[in-house]
Amino acid sequence: MDRPSRRNILKAGGALGALGALSVAAPAYAQVPWTWSAKGSVAGTGAGTDPRWVWDEEADPLVASLLDRGDVPMVNQLLRTWTKNGQPLPAGLPADLRDFMERARQLPTWADQGKLATAFRFNEKRGLYLGVLYGLASGMMSTVIPKEARAVYYSQGGADMKDRISKTAKLGYDVGTRNAYQPDGEMIVTCVKTRLVHAAVRHLLPQSPHWPEVAEEEIPISQRDMMVTWHSLPTTVMQKLTAWKVPIPAGESEAFLHSWQLAAHMLGIKDEYIPASWAEANAQAKQVLDPVLAPTAEGNKLADILLNLGSPVDAGILSKPILGAFTRFMLGDQIAGWLKIPREPIWDPLLKVAWGPFIAVREGLLPFPLAPEAYWLFDEFLRKAALLFLSEARPIKIEIPETNRPS
Ligand code: HEM
């Protein structure tokens, strides 16, 4: 933590303009106007402001001030011991930060512990599918969300993508645990810390020399961007499970959504932007996620790291070609092409033909197939991939960055 602060050096080079939110020179990706109605949100009402121009009015100035005051190393040090939702905040935090965190850690009134208990049962039953989907559908999709890929690449975490992936996996892991939002769980802590990290990135990234070349907006991680990424997680996962005809009782589906609605709230997304139902989520995703997907050099580097994640630990089953084939299968030929994933003569056709029956057999909807090899191969893949993506999550500490990507 005693590294020279690149942020300070850069800061000397130029202050942010007063109208920090104005677009800077960059290719404009498709941004459809915001027409999604807040009537479909968990708030049920709202001003209808395009969340592209909304960030985090509480956390952003606070964390900017912590960075400017040089308090971040001390804060990170103190927050290392804060791991459980019900744990008191450590003594010695700056008063303004403490006040904010005490507020930010409160669950909203609409949090429903009954639904959360059902969500846990769903996560337990569907953990294998979820692990693979978070890793290969959501994780790989994040590499073709240009704003996210670039923000990640040029921020401090971009220099060590594997570590960065682990930290994001922690959130996917925590949200599925039994006590995610209970006093002995960790999801509230993970969300509040991530909210601080995002606020730091909003302050730091505009100071990166690379940022003006690639950014669409000067200040990254708007609430609209947050919802885009959110849809790459639960919305995409539920769409895939539905497409695979995995039987999911309505109560479990709703409960899974609820656990992610709470995550959005705890990450600082305003209730007026959080969809109240899957129908609303799908409609919003169509508007904000689908049109922005595109390849970038930064995203392709990130994808390559994800595809190589299995190599050091795998016994052949999770090697890059198989992860590539699964990515193509889940996200389609266009995205696979953007990510330069080669076609796999054995795996591509096998997945096309055998994945549907495999799920049906696993779910007890079809009798055991006559030729069970593909079944075991897929089952082994599911277990290994779920373990791999989720095990990335365990001993991770989420800390406020002080710099951008060095170099
Ligand atoms: C950090 C999750 C949206 C960019 C993090 C971290 C988590 C996380 C868990 C902490 C890990 C770390 O410190 O590296 C999420 C979730 C989101 C979301 C669940 C939406 C629901 C976004 C969006 C962007 C973004 C929309 C950019 C457009 C970043 C960056 C970091 C970060 C740059 C810090 C990397 C670093 O320098 O360490 N996010 N994020 N995130 N996130 Fe997000």
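A few points on the structure. None of these values were measured; they are calculated from a predicted model.

What about the overall build of the protein?
Part 1 of the argument: On a plain count of helices and strands, the protein comes out with 18 helices and zero strands.
Part 2 of the argument: Carbon and sulfur atoms make up 59% of the accessible area of the protein, which amounts to about 17,200 Å² in all.

Focus on empty space enclosed by the protein
Part 1 of the argument: Applying the stated criterion to the full structure yields two cavities of 30 Å³ or more.
Part 2 of the argument: As for the largest cavity, its lining consists of Asn76, Leu79, Arg80, Lys193, Leu196, Val197, Lys397, Ile398, Glu399 and Ile400.
Part 3 of the argument: Elements that contribute at least two residues to the lining of the largest cavity include exactly α3 (72-79) and α9 (187-204).
Part 4 of the argument: Looking at side-chain class alone, the lining of the largest cavity contains five nonpolar, one polar and four charged residues.

Considerations on the environment of arginine 195
Part 1 of the argument: Turning to its location among the elements, arginine 195 is positioned in helix α9.
Part 2 of the argument: Separated by 71 residues in sequence, arginine 195 and methionine 266 place their C-alpha atoms 7.9 Å apart.
Part 3 of the argument: With residues near it in sequence (within four places) discarded, arginine 195 still touches Asp56, Glu58, Ala59, Phe100, Ala104, Met266, Leu267 and Gly268.
Part 4 of the argument: Only 2.7 Å separates the side chain of arginine 195 from the side chain of aspartate 56, close enough to count as a polar contact.

Re the site of the ligand
Part 1 of the argument: The immediate surroundings of the ligand are formed by 21 residues, with Ser155, Gly157, Arg164, His198 and Asp225 found nearest.
Part 2 of the argument: Contact distances for the ligand include 2.7 Å between an oxygen atom and a backbone N or O atom of glycine 157.
Part 3 of the argument: Separating a nitrogen atom of the ligand from a side-chain N or O atom of histidine 198 is a distance of 2.9 Å.
Part 4 of the argument: Of all the elements in the fold, those that place two or more residues in the shell around the ligand are α7 (146-154), α8 (161-174), α9 and α11 (223-243).
Part 5 of the argument: Broken down by class, the residue content of the shell around the ligand amounts to 10 nonpolar, six polar and five charged.

Quick notes on the rules
Residues numbered from 1 in each chain as written. Predicted model: local features only at pLDDT ≥ 70, side-chain atom pairs only at ≥ 80, totals over all residues. Heavy atoms only, no water. Helix = DSSP H or I, 4+ residues; strand = E, 2+ residues; numbered from the N terminus. Areas by Shrake-Rupley, 256 points an atom, 1.4 Å probe, with all protein chains shown as cover. 1 Å grid on protein atoms, 1.4 Å probe; cavity = no way out; pocket = protein on both sides within 12 Å on 5 of 7 lines; lining within 4 Å. Points joined across faces, edges and corners; volume = space filled by probe spheres on them. Nonpolar A, V, L, I, M, F, W, Y, C, P; charged D, E, K, R; others polar. Contact = heavy atoms within 4.5 Å. Polar contact = N/O pair within 3.5 Å; in protein donor to acceptor, adjacent residues only side chain to side chain. Near = heavy atom within 4 Å.

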